[in-house]
Amino acid sequence: MYRQLQKILVKFLPISTIYKYGFNLSPMYRRTTARVVHISDDLKKVTIKVPISYKNKNYVGAIFGGSMFAATDPIYMTQLMQILGNDYVVWDKAATINYKRPAKENLFCDFTFHEEEIESIREQIVENHEMTIEKTTFLKNHDGQNFAEVIKTLYIADKNFYKEKLKKRLKSTS
């Protein structure tokens, strides 16, 4: 559904605007209580805000860890899918969150890909057809104090290679 909607909207709006409002209006993302506050035009930098509110406070009045984790979960995968384009498959493979201190204030998080990273990914996919990368980001307050570290492992593959891999897997299990 979202991809079909994107195909229509891209005729009228920049992709960064579509993604910003798409995330912020999506029922799944809204439930995290986070909001996307900025997406660069090239999609290589995304900033989110996790405001403290009655919707995400835990028993001790800090932001519920699940809200922090859920707020960060879909960003890197979706961001990389858009940057690389339709010739690639991108999946979340694993994630870890390390809580550093209770968050009793608004938090912010930046998700960044550099051009060198993107070129390196493309080169490695040409060579190996698939790979995994780890990306680390931090949930911080306005002053830059770290409240949580999030480590995401992403699987990336050439789409044709991935389709063949799935076919082989299906044949071997039947």
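Predicted model, so just to flag it, every value in this text is computed and none were measured. Chains are numbered independently. Their residues run from 1 in the order of the written sequence. Side-chain atom pairs in this predicted model are given and counted only at pLDDT of 80 or more, local residue features only at pLDDT of at least 70, and totals for whole chains, interfaces and linings cover all residues. For the side-chain quantities, the full set of heavy atoms in the structure was used; hydrogens and water were omitted.

1. Side note on a negative patch on the surface
Then, in step 1: Taken together, Glu116, Glu119, Glu123 and Glu127 make up a surface patch of like negative charges.
Then, in step 2: Secondary-structure assignment places Glu116 in helix H6 (residues 115-128). For patch building, the residue pool is restricted to those with more than 30% relative accessible area and no salt bridge; the joining distance is 9 Å between like charges and 5 Å between nonpolar side chains (Val, Leu, Ile, Met, Phe, Trp, Tyr). Throughout, the Shrake-Rupley method with a 1.4 Å probe supplies accessible areas, and for residues the shown protein chains are the sole cover considered. Whenever a carboxyl oxygen of Asp or Glu lies within 4 Å of a side-chain nitrogen of Lys or Arg, that contact is scored as a salt bridge. Under the counting rule used here, the positive set is Lys and Arg, the negative set is Asp and Glu, and His together with the chain ends is not counted. Working definition for charges: the position is that of NZ of Lys, CZ of Arg, CG of Asp or CD of Glu. Numbering of helices and strands runs from the N terminus, with a helix taken as a DSSP run of H or I at least four residues long and a strand as a DSSP run of E at least two residues long.

2. Overview of the packing of helix H5 (residues 75-84) against H6
Then, in step 1: The axes used here are C-alpha line fits, helices contributing only the stretch in contact, and every angle between their N-to-C directions lies in the interval 0 to 180 degrees. Interaxial distance between H5 and H6 falls to 12 Å at its minimum, and their mutual angle equals 70°. Taken together, the axes of H5 and H6 lie roughly perpendicular to each other. Residues Leu80, Ile83 and Leu84 of H5 form the contact with H6, whose own contacting residues are Ile118, Ile121 and Arg122.
Then, in step 2: Each residue gets one of three labels, nonpolar for Ala, Val, Leu, Ile, Met, Phe, Trp, Tyr, Cys and Pro, charged for Asp, Glu, Lys and Arg, and polar for the others, Gly among them. Of the residues contributing to the contact of H5 with H6, the split by class is 5 nonpolar, no polar and 1 charged. Working rule for angles: under 35 degrees goes down as roughly parallel, over 145 as roughly antiparallel, 65 to 115 as roughly perpendicular, anything else as oblique. By the convention used here, residues are in contact when the closest approach between their heavy atoms is within 4.5 Å.

3. Examining helix H4 (residues 65-72)
Then, in step 1: Those residues of H4 not exposed but buried are Gly65, Ser67, Met68, Ala71 and Thr72. One side of H4 holds all its buried residues, which, seen down the axis, span an arc of 165°. Three labels apply to residues, based on accessible area from a 1.4 Å probe with only protein chains included: buried if under 20% of the type maximum, exposed if over 50%, partly exposed otherwise in between. For this quantity, the arc is that covered by the directions from the helix axis to the C-beta atoms.

4. Some thoughts on the side chain of Glu149
Then, in step 1: Turning to its location among the elements, Glu149 is positioned in strand E6 (residues 146-158).
Then, in step 2: Of the side chains with opposite charge, Lys100 lies nearest to the buried Glu149, which makes no salt bridge, at 4.1 Å.
Then, in step 3: Glu149 has contacts with Thr96, Ile97, Asn98, Lys100, Thr136, Thr137 and Phe138, leaving out every residue within four places of it along the chain.

5. Section: the packing of aromatic side chains
Then, in step 1: Note on ring pairs: Phe, Tyr and Trp rings are taken, using the six-membered ring of Trp, and paired if centres are within 6.5 Å. Classes follow the plane angle, with under 30 degrees stacked, over 60 edge-to-face and the rest tilted. Under the counting rule described, the total for this entry stands at 5 aromatic pairs.
Then, in step 2: Between Tyr76 and Phe111 the ring centres are 5.0 Å apart and the planes differ by 80°, which places this aromatic pair in the edge-to-face class. With Tyr76 in helix H5 and Phe111 in strand E4 (residues 107-112), this residue pair connects regions lying 35 residues apart in the sequence.
Then, in step 3: Residue classification places Tyr76 among the buried positions, given a relative accessible area of 2%.
Then, in step 4: Of the residues examined, Phe111 reaches a relative accessible area of 0% and is grouped as buried.
Then, in step 5: Centroid distance Tyr76 to Phe113: 5.6 Å. Interplanar angle 80°. Geometry classified as edge-to-face.

On their own, these measurements won't tell you what the molecule is for.
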